[in-house]
Structures are given as C-alpha cells and as structure tokens.
Amino acid sequence: QVRLVESGGGLVQAGGSLRLACAVSERPFSSYAMGWFRQAPGKEREFVAAVTWTAGNTYYTDSVKGRFTISRDNAKNTVYLQMDSLKPEDTAVYYCATRPHYLSDYDPQWGREYEYDYWGQGTQVTVSS
C-alpha cells in the first residue's frame, strides 16, 4: 500500500521558481532517505537530490547546487524540492523515491537509482526560455 504522489509541477519561465512535494503514504519501515530524480525527453533518468528522514542531511548533484533545496517534514511524510533560478535544461519529469539504509553505506552513492525501492508517478516541470 505504499504510494508516493508528486505535486507542484508546472510551466515556469527561466529564472523562476517552483516547489515540488512528494507525499508518502504508509512510509516503509526500511525507508531511510528520499531522493528526487528527473528524466528529460530522450535522456536517461538522473539523480537530483536526496535527504535523510532522521537527520535531514542533504545531497545534491552539481548541476543544481545553490539553486535547489530539498527538505522533509517527517510528521507529514512529505518531501519537498524547492527549485529556484530554473533553467530550460531543468525541464523534465521529476520523480521522488524512497531509499532503504544499506549495511554497506559507509559512503552512500545517492545517485544509484536501483538502490531506491518505491517510486512516484512523476510530475512534469517545464522551464521556458
């Protein structure tokens, strides 16, 4: 019954802002962190950001550092992605996903999408020039 629902996508001009939200119903006991990925037309899905549920530690791909901010609200089982200074290259379908904690996580590789177990349906973000 685990379900992830993204919201907040839309059309915005370059330089604008958008805030995405991902609500998780019946969060898995094994869920340690939440990640945001995106997939542009004709391209592979790529890692954007991640946040841990407990400490709230955040991680970002270089292309969004300083522009995007990931956060979480444990009480609401919701993760947010605040996107500022948006660029046309940010255009993509954005997905949120849960990630368990692995015993071998001495140096987590947050961008490994296969390490995430539950995924949302995605929300479209379009940035016009």
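What counts and how
Residues numbered from 1 in each chain as written. Predicted model: local features only at pLDDT ≥ 70, side-chain atom pairs only at ≥ 80, totals over all residues. Heavy atoms only, no water. Helix = DSSP H or I, 4+ residues; strand = E, 2+ residues; numbered from the N terminus. Polar contact = N/O pair within 3.5 Å; in protein donor to acceptor, adjacent residues only side chain to side chain. Contact = heavy atoms within 4.5 Å. Salt bridge = Lys/Arg side-chain N within 4 Å of Asp/Glu carboxyl O. Buried < 20%, exposed > 50% of the residue type's maximum accessible area, 1.4 Å probe, protein only. Pairing = 2+ DSSP bridges. Axes fitted to C-alpha atoms, helices over the stretch in contact; angles between N-to-C directions. Phe/Tyr/Trp six-rings, centres within 6.5 Å; stacked < 30°, edge-to-face > 60°. Disulfide = S-S within 2.5 Å.

Draft legend 1. Here's a closer look at the side chain of Glu-115. The residue Glu-115 is located in the loop between strand 9 (92-100) and strand 10 (118-119) in this model. Within polar-contact distance, the side chain of Glu-115 engages the side chain of Arg-99 at 2.6 Å. When near neighbours in sequence (up to four residues on either side) are disregarded, Glu-115 contacts Arg-99, Pro-100, Tyr-102 and Gln-109.

Draft legend 2. Fine view of the pattern of salt bridges. In total, this model carries 7 salt bridges according to the counting rule given. For Glu-115, the salt bridge identified is with Arg-112, shortest N-O distance 3.4 Å. For Glu-115, a relative accessible area of 11% corresponds to the buried category. What you see here is one network of salt bridges that share partners, running through Arg-38, Glu-46, Arg-67 and Asp-90.

Draft legend 3. Representation of the sheet that holds strand 8 (residues 78-83) in the model. Taken together, the 4 strands give an open sheet; going across it, the order is 1-3-8-7, and neighbouring strands pair in antiparallel fashion. If you trace the sheet from one side to the other, it starts and ends with strand 1 (3-7) and strand 7 (68-73), each paired once. The mean angle between the axes of side-by-side strands here comes to 15°, regardless of whether they run parallel or antiparallel. Both strand 1 and strand 3 (residues 18-25) contribute to a ladder of 5 bridges, which runs antiparallel. If you follow Glu-6 over to strand 3, its bridge partner there is Cys-22.

Draft legend 4. Examining the packing of aromatic side chains more closely. Evaluated as defined, the whole model comprises 6 aromatic pairs. Here Tyr-32 and Trp-110 contribute two aromatic rings whose centre-to-centre distance is 6.5 Å and whose plane-to-plane angle is 15°, an arrangement assigned as stacked. With a gap of 78 residues between them, Tyr-32 in strand 4 (residues 31-39) and Trp-110 in the loop between strand 9 and strand 10 connect regions that are remote in the sequence. You can call Tyr-32 partly exposed: its relative accessible area is 26%.

Draft legend 5. Quick peek at the state of the cysteines. Counted under the stated rule, the structure contains 1 disulfide. A sulfur-sulfur distance of 1.9 Å marks the disulfide that ties Cys-22 to Cys-96. Across the S-S bond of Cys-22 and Cys-96 the torsion is about 60°, and the bridge reads as right-handed. One end of the pair, Cys-22, is in strand 3; the other, Cys-96, is in strand 9, with 74 residues separating them in the sequence. The buried category is assigned to Cys-22, whose relative accessible area is 0%. What makes Cys-96 buried here is its relative accessible area of 0%.

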